[in-house]
Amino acid sequence: MKRKNTIILLGSLIVIIFFVWYFSSGDDTTGSTIKVEVKSGQFVIDVTTTGELEARNSENIMGPNNQKLRNARIYQLTIEDIVPDGTVVDSGDWVATLDRSELENKIKDQELEVEKLQNQYVKTQLDTSMTLRNARDELVNLDYTLEEKKIVMDQSIYEPPATQRQVKIDYEKTKRTINQSVENYELKYQKAKTEMKEVATNLKKAQRKMNEFIELKKAFTIRAPKAGMLTYKKTYNGNKQGIGEKFSSWENIVATLPNLTKMNSKTYVNEIDISKVNVGQKAEIEVDAFPGKVFTGKVVEVANIGEQLRNSNAKVFEVIIHVDGQDSILRPSMTTKNTIITKIIDNAFYVPIESVHSNDSITYVFKGSRKYQVIPGKSNESNMIILAGLEEGDKVYLQAPAKADEWSMVYLDSEKAEQRQKSEKPGETEIEEGPFNYYLVVGSFSEIKEATDFIVILRKEGYNNAGILRKDKMRRVYINVFSNSDEIEVARQQLPDNYRDAWVYREKIKDPQIEQTEKPAKRKGNRPVRN
């Protein structure tokens, strides 16, 4: 009997559990899908980037005099030793030693050159002394010969006239030889003086050069020009210029002494967002080393020309933000999170970007058990403004529920939607001149063959609207073309992981130069078309 009652009780529990499960899940085809509420209020559009602190002003610690380095034919220097990055130094303190090996070799070579010229000086001195002495001896001997000829001439008065004439000619010839020898001696003397002067000049030049090398060697020990905190200079590839790093003698900067009372945050904004950033916009700066501490700042410089960072295909623009005030915790090279406030809309309805979907040129959300058409507005990193189609307090699904593709669509009345859009469109402080085409670019190539091969791959994956935009000698392969930035942002969010690095190229509509491997299919919707 007890066993029978137990069986009946278990059966009743199973029936109750089944009914609870059935009625609680009856029409809910969404399972555990999260719902979010439409919010209303101030909407901040911002651009968030990662940057690095740097001193607004700094004094360079210079290496040896670059003119003397060029005279020594030294064009590259190596840091042999340097104090740790961030060391506080006083004026005159040792900060670094540069590798002297190349200069020491040059000093040794110059010492040999000086020794060679000293030997040459002594040799020339001896040679000229011997030459002049021989010339003087020759003059003395000629004087004796002339005297002998005079005696013979005096004795020839008793000789026939012909003999007298011959003796007199010999005397005159000897006298003329003496005069020529005296003139030659003067020339040899002047020549000897010139040779000695030349050798002495070369010797002095070599000695001066050697002395310059020895003096230059002292300058390879670097000392601080004033008190401060030393920071390593950054090389062209972003590495710190520490021990073993080489640098050009033309630039000749060993390290820097930053002014820590005034700091900047140097960051890079990618080309999708750079049009939103302008000089004078306010910014909030957080330092990774001190979570929760927020500094205010202002954009003071926006680069006009983009650049490509290492290991990245994206083009970015350098932006400099002045950090307001002074704080002793701020140090150069600290990583910063920069939130640049590009626009503030006082009152708007908004939902998370993930909850907004698009298809066949219609943007919609999942609400209840239907799809509801909406008109999207501006967006920031996490949320998107809804201009029409939702009210405050409505709840929408964060992601598409199960079997949501089968749900029916509730369309907006076009006239009412337009009126609603005009009446509820938040005031904007920036007016964008257009119209523009927005290309969702997934690759850039210099060769047409590489671009066309990539187009083939994209079309095999179902991106039938893929094409090539030729600009600045580059072939940019895009997945699709859109008419406004909101549509393309939604489409970009929905790309698969392998195309998450896609970026937006904006071009004013005017006959762009388009090369396509075949006529593209008609665009469908606000997202890349996939078969």
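No experiment lies behind these values; they were computed from the predicted model shown. (Residues numbered from 1 in each chain as written. Predicted model: local features only at pLDDT ≥ 70, side-chain atom pairs only at ≥ 80, totals over all residues. Heavy atoms only, no water.)

(A) Highlighting the overall build of the protein. Looking only at helices and strands, the protein has seven helices and 29 strands in total. Burial statistics for the protein: of 531 residues in total, 37% are counted as buried. For the protein, the accessible surface area stands at approximately 32,300 Å², while carbon and sulfur atoms represent 49% of it. (Helix = DSSP H or I, 4+ residues; strand = E, 2+ residues; numbered from the N terminus. Buried < 20%, exposed > 50% of the residue type's maximum accessible area, 1.4 Å probe, protein only. Areas by Shrake-Rupley, 256 points an atom, 1.4 Å probe, with all protein chains shown as cover.)

(B) Seen up close, the side chain of Thr-339. Note that Thr-339 resides in strand E17 (residues 335-352). Once you skip the residues sitting within four places of it in the chain, Thr-339 turns out to touch Asp-46, Val-47, Thr-48, Lys-282, Ala-283 and Glu-284. (Contact = heavy atoms within 4.5 Å.)

(C) Layout of a positive patch on the surface. A cluster of basic residues, Arg-73, Lys-205, Arg-208 and Lys-209, forms a positive patch at the surface. Position of Arg-73 relative to the elements: it lies in the loop between helix H2 (66-71) and strand E4 (76-82). (Patch = residues over 30% accessible without salt bridge, like charges linked within 9 Å, V, L, I, M, F, W, Y side chains within 5 Å. Salt bridge = Lys/Arg side-chain N within 4 Å of Asp/Glu carboxyl O. Lys, Arg positive; Asp, Glu negative; His and termini not counted. Charge placed at Lys NZ, Arg CZ, Asp CG, Glu CD.)

(D) Structural view of the pattern of salt bridges. Overall, the coordinates contain 13 salt bridges when judged by the stated rule. Residue Lys-240 pairs with Asp-85 through a salt bridge whose shortest N-O separation is 2.7 Å. Here Asp-85 lies in the loop between E4 and strand E5 (88-89) and Lys-240 lies in the loop between strand E9 (231-232) and strand E10 (246-248), a separation of 155 residues in the sequence. Taking the relative accessible area as the measure of exposure, Asp-85 reaches 31% and is therefore partly exposed. Here Asp-154 and Lys-150 are joined by a salt bridge, their closest N and O atoms 3.6 Å apart. Of this pair, Asp-154 and Lys-150 both sit in helix H3 (residues 101-155), four residues apart, roughly one helical turn. Here Lys-150 falls in the partly exposed class, since its relative accessible area comes to 39%.

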